[in-house]
Amino acid sequence: MIEIRNISKEFAQFIVDDGIIKFGEFTLKSGRLSPYFFNFGSFNDSAMLARLGSFYADTIVKEKIEFDIIFGPAYKGIPIALTTALALHNNEAGNVGFAFNRKLQKQYGEGGNIIGASLAGKKILAVDDVLTSGRTIKETKQLVENEGGILTAFLVALDREEKGSETALSALEEASKAYNVKIYVVARITDVVAYMSDVADKEQNVTKIKEYLNVYGK
Ligand SMILES: O=P(O)(O)OC[C@H]1O[C@H](OP(=O)(O)OP(=O)(O)O)[C@H](O)[C@@H]1O
Ligand SMILES: O=C(O)c1cc(=O)[nH]c(=O)[nH]1
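Residues numbered from 1 in each chain as written. Chains lettered and ligands numbered in written order. Predicted model: local features only at pLDDT ≥ 70, side-chain atom pairs only at ≥ 80, totals over all residues. Heavy atoms only, no water.

### Here's the deal with the side chain of arginine 160
Phase 1 of the analysis: Following the sequence through the fold, arginine 160 ends up in the loop between strand S7 (150-159) and helix H5 (171-179).
Phase 2 of the analysis: Here the side chain of arginine 160 touches serine 34 through a polar contact of 2.8 Å, side chain to side chain.
Phase 3 of the analysis: One polar contact links the side chain of arginine 160 to the main-chain carbonyl oxygen of tyrosine 36, over a distance of 3.4 Å.
Phase 4 of the analysis: Aside from chain neighbours lying at most four places away, what touches arginine 160 is Leu28, Ser34, Tyr36, Phe37, Val130, Leu131, Thr132, Ile189, Tyr212 and Leu213. (Helix = DSSP H or I, 4+ residues; strand = E, 2+ residues; numbered from the N terminus. Polar contact = N/O pair within 3.5 Å; in protein donor to acceptor, adjacent residues only side chain to side chain. Contact = heavy atoms within 4.5 Å.)

### What to know about the UniProt feature "binding site: orotate" (unreviewed entry) in the chain
Phase 1 of the analysis: Sites flagged by UniProt as "binding site: orotate" (unreviewed entry) map to Phe37, Phe38, Thr132 and Arg160. Spanning 124 residues, the annotated positions come together in the fold, the maximum distance between their C-alpha atoms being 10.8 Å. Of the annotated positions mentioned, Phe37, Phe38, Thr132 and Arg160 line the largest pocket.
Phase 2 of the analysis: For phenylalanine 37, a relative accessible area of 27% corresponds to the partly exposed category.
Phase 3 of the analysis: Those residues within four positions of phenylalanine 37 in sequence are excluded, and the remaining contacts are Ile20, Ile21, Lys22, Phe26, Leu28 and Arg160.
Phase 4 of the analysis: By the element assignment, threonine 132 lies in the loop between strand S6 (123-131) and helix H4 (135-146).
Phase 5 of the analysis: A relative accessible area of 15% places threonine 132 in the buried class.
Phase 6 of the analysis: With sequence-adjacent residues up to four places away left out, threonine 132 is seen in contact with Leu28, Ser30, Arg160, Glu162 and Ala171. (UniProt positions renumbered as here; feature names shortened; annotations may be inferred. 1 Å grid on protein atoms, 1.4 Å probe; cavity = no way out; pocket = protein on both sides within 12 Å on 5 of 7 lines; lining within 4 Å. Buried < 20%, exposed > 50% of the residue type's maximum accessible area, 1.4 Å probe, protein only.)

### Side note on unusual backbone geometry
Glycine aside, residues mostly have negative phi angles, and peptide bonds mostly take the trans form.
Phase 1 of the analysis: Here alanine 74 and tyrosine 75 are connected by a cis peptide whose omega angle stands at -5°.
Phase 2 of the analysis: As for its position among the elements, tyrosine 75 is in the loop between strand S3 (69-72) and helix H3 (77-90).
Phase 3 of the analysis: Not every positive phi belongs to a glycine, and glutamate 161 is a case in point at roughly 55°.
Phase 4 of the analysis: Looking at the element boundaries, glutamate 161 is found in the loop between S7 and H5.
Phase 5 of the analysis: The exposure class assigned to glutamate 161 is buried, which follows from its relative accessible area of 9%.
Phase 6 of the analysis: Notably, asparagine 180 is not glycine yet its phi reads approximately 50°, a positive angle.
Phase 7 of the analysis: Along the chain, asparagine 180 falls in the loop between H5 and strand S8 (182-188).

### Brief notes about the packing of aromatic side chains
The relation between two aromatic rings is expressed through the spacing of the ring centres and the mutual angle of the planes.
Phase 1 of the analysis: Within the structure shown, the criterion is met by ten aromatic pairs.
Phase 2 of the analysis: Look at phenylalanine 11 and phenylalanine 55: their rings are 5.1 Å apart centre to centre, the planes differ by 70°, and that puts the pair in the edge-to-face class. Remark: phenylalanine 55 occurs in helix H2 (residues 46-62) and phenylalanine 11 occurs in helix H1 (residues 7-17); sequence separation between them is 44 residues.
Phase 3 of the analysis: Classification of phenylalanine 11 as buried rests on a relative accessible area of 0%.
Phase 4 of the analysis: The exposure class of phenylalanine 55 is buried, given its relative accessible area of 3%.
Phase 5 of the analysis: Relative to tyrosine 212, the ring of tyrosine 36 lies with its centre 6.2 Å away and its plane at 90°, an arrangement referred to as edge-to-face. Note that tyrosine 36 is positioned in strand S2 (residues 33-38) and tyrosine 212 in helix H7 (residues 203-216), a separation of 176 residues in sequence.
Phase 6 of the analysis: For tyrosine 36, a relative accessible area of 0% corresponds to the buried category.
Phase 7 of the analysis: Linked through ring pairs, Phe11, Phe14, Phe38, Phe40, Phe43 and Phe55 together constitute an aromatic cluster. (Phe/Tyr/Trp six-rings, centres within 6.5 Å; stacked < 30°, edge-to-face > 60°.)

What follows is the structure in C-alpha cells.
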C-alpha cells in the first residue's frame, strides 16, 4: 500500500521538536500580543535550512503551484527563496529563477532594491515564514508590481489562522480576496496544536495557544 505523506503534520513535528516555536510574550507586526512565536531565526544551521527548503518545495509540487519566478521579501523571505529554489533544483522539479529585495534602496553600484531575476511580466510566487494579518502580502504585491511583475501566489510555512482586520473572513481569506492572490501554506497552527497535544509535557503551552486563538483565531 502506498502511504500518502502528510506534509503539514511532518512540518508541525519538525518545528515543535526543533524548538522553532517559542513560548513567552511576543509583540507581533500586527501589534497583537502573542504567547507563542514562530521563530524563523532558529532555523540556524545548514541541515535545518535544507529541510525547511524541502517543505516549501514539496508543497509547491503537491499543490501544483504555477509561477515563473520565486520572490523572497526581505528579510526572512530571502533565505527562504534561496533554499526553496535549491530544493526544487535538487528534487529535479526544475531550474527556477529567484529574486529578493532590499529594504533600503541602494544608491551606488548596481543600485535599486531588487536583486536577482527580473520580475517584469512574470508570474511571481512569493515565499515567507508566517502569515498573521496578511499585511506583508499587501507590501509584497506592491513591491512586485513596482517591478512590473504579477503576484499570483504566496506560500508561507505557517498560517497562524488569525481573523482578518477588515471583514469577518480569516486573515488568509481576506488577503487572498483583497490582493487577488492564491495563498498556500505548509502547515497551520491547528496542525501544531494537534501534534503538541500528542506529546507529553506540552499541555500548558497548548492551552496558551488555544486561549490566544479564542481571541484572535479565525
Ligand atoms: O501577516 P503579517 O501581519 O504581515 O505578519 C507576518 C510577517 O511579519 C514578520 O515580518 P517582518 O516584517 O517582521 O519582517 P522581517 O523580520 O522578515 O524583516 C514575519 O516574518 C512575516 O513576514
Ligand atoms: O506576526 C508576526 O510578526 C510574527 C509572528 C510569528 O509567529 N513569527 C514572526 O516572526 N512574526
